[in-house]
Amino acid sequence: MKAISDLRAALNTESFYIEQFNYSKSKRILFVNPQLSSRNLYQILIPYYELLSHSDFCSAITNGIRTYNEKDIDLEIGEEEIKWATHIDFPFTTKNLIPIFTRIKSINEDAILCYWLDYDFYNISESHPMYKETVENLENIESNCFYTDKIFVDNVYLQKSIQANLGKRFMEVYEQRGYEVYSQISVIPFMFDTDILLSN
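Since the structure is predicted, the reported quantities are computational estimates derived from the model, not experimental observations. (Residues numbered from 1 in each chain as written. Predicted model: local features only at pLDDT ≥ 70, side-chain atom pairs only at ≥ 80, totals over all residues. Heavy atoms only, no water.)

On to the pairing of strand β5 (residues 150-153). Both faces of β5 are covered, namely the face carrying Lys150 and Phe152 and the face carrying Ile151 and Val153. Pairing geometry for strand β4 (residues 112-116) and β5, over three bridges, is parallel. Pairing of cysteine 114 across the sheet is with lysine 150, part of β5. The pairing of β5 with strand β6 (residues 184-187) spans four bridges and is classified as parallel. In the strand pairing of β6, valine 153 is matched with valine 187. Note on the crossover from β5 through helix α8 (residues 156-174) to β6: the handedness is right-handed. (Buried < 20%, exposed > 50% of the residue type's maximum accessible area, 1.4 Å probe, protein only. Helix = DSSP H or I, 4+ residues; strand = E, 2+ residues; numbered from the N terminus. Pairing = 2+ DSSP bridges. Right-handed = clockwise from strand over helix to strand, strands pointing away.)

The following block contains the structure:
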């Protein structure tokens, strides 16, 4: 899509990047370093444009847009960006996000942290391209889920599986470690309508 390639180029210019944060509406959504992939197109890039057309919302993207081959998410978020945002939206990653979550809350305790799950990491086939990385980083993913405010998935079946398995793992492992659960799981289907997007 030309609009996405134009946006990617614009984000590399200082004037456009700074201008994103000049808007102050009641809900300000900061999307963190999305990727040029089909999932991030529907999860982040289309919502980014959709939110710009609503009077109560404004949106911004930090750290640019990664190419499809760039796997590592850039988590360097400036203090002013954190203060600006009411919601901070993270694409799926197996990295441990607790340090950045903690830093965000220390700067802006009212910021709502959002974390996307791309697949059922509890029922993952050995043939899945993310199998090895998922198994090796399972506790990172689980901890991210427990510490975020909102978990987003794209279908009800994934929501039910994650809910059940996370609950079980919390009781078996994380409760003894003193963890608390802050998150709720919301479904935003890829073919969403505006009402679904705005309500979450």
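Now for helix α3 (residues 38-52). With 15 residues, α3 should reach 21 Å at 1.5 Å per residue; the first-to-last C-alpha distance of 21 Å fits that figure. At isoleucine 46, α3 shows its maximal bend, which comes to roughly 30 degrees, and the proline proline 47 appears one to four places after that position. Every buried residue belonging to α3 is among Asn40, Leu41, Gln43, Ile44, Leu45, Pro47, Tyr48 and Leu51, and all of these are buried. (Expected span 1.5 Å × (residues − 1). Bend = angle between axes of the 7 residues up to and from the residue.)

Here we come to the sheet that holds β5. If you walk across this open sheet you meet the six strands as β2-β1-β3-β4-β5-β6, and the pairing is parallel. Either end of the sheet is taken by a strand with one partner, and the two such strands are β2 (57-62) and β6. Averaged over neighbouring strand pairs, the angle between their axes works out to 25 degrees when direction is ignored. Examined bridge by bridge, strand β1 (residues 27-32) and β2 share six bridges and lie parallel to one another. Paired with phenylalanine 31 across the bridge in β2 is isoleucine 61. (Axes fitted to C-alpha atoms, helices over the stretch in contact; angles between N-to-C directions.)

Close contact between helix α7 (residues 138-147) and α8 brings their axes to 11 Å; oriented N to C, the two are set at 105 degrees. It follows that α7 is roughly perpendicular to α8 by the angle criterion. Every residue of α8 that contacts α7 at Leu138, Glu139, Glu142, Ser143, Cys145 and Phe146 is listed here: Leu166, Arg169, Phe170 and Tyr174. (Parallel < 35°, antiparallel > 145°, perpendicular 65-115°, else oblique. Contact = heavy atoms within 4.5 Å.)

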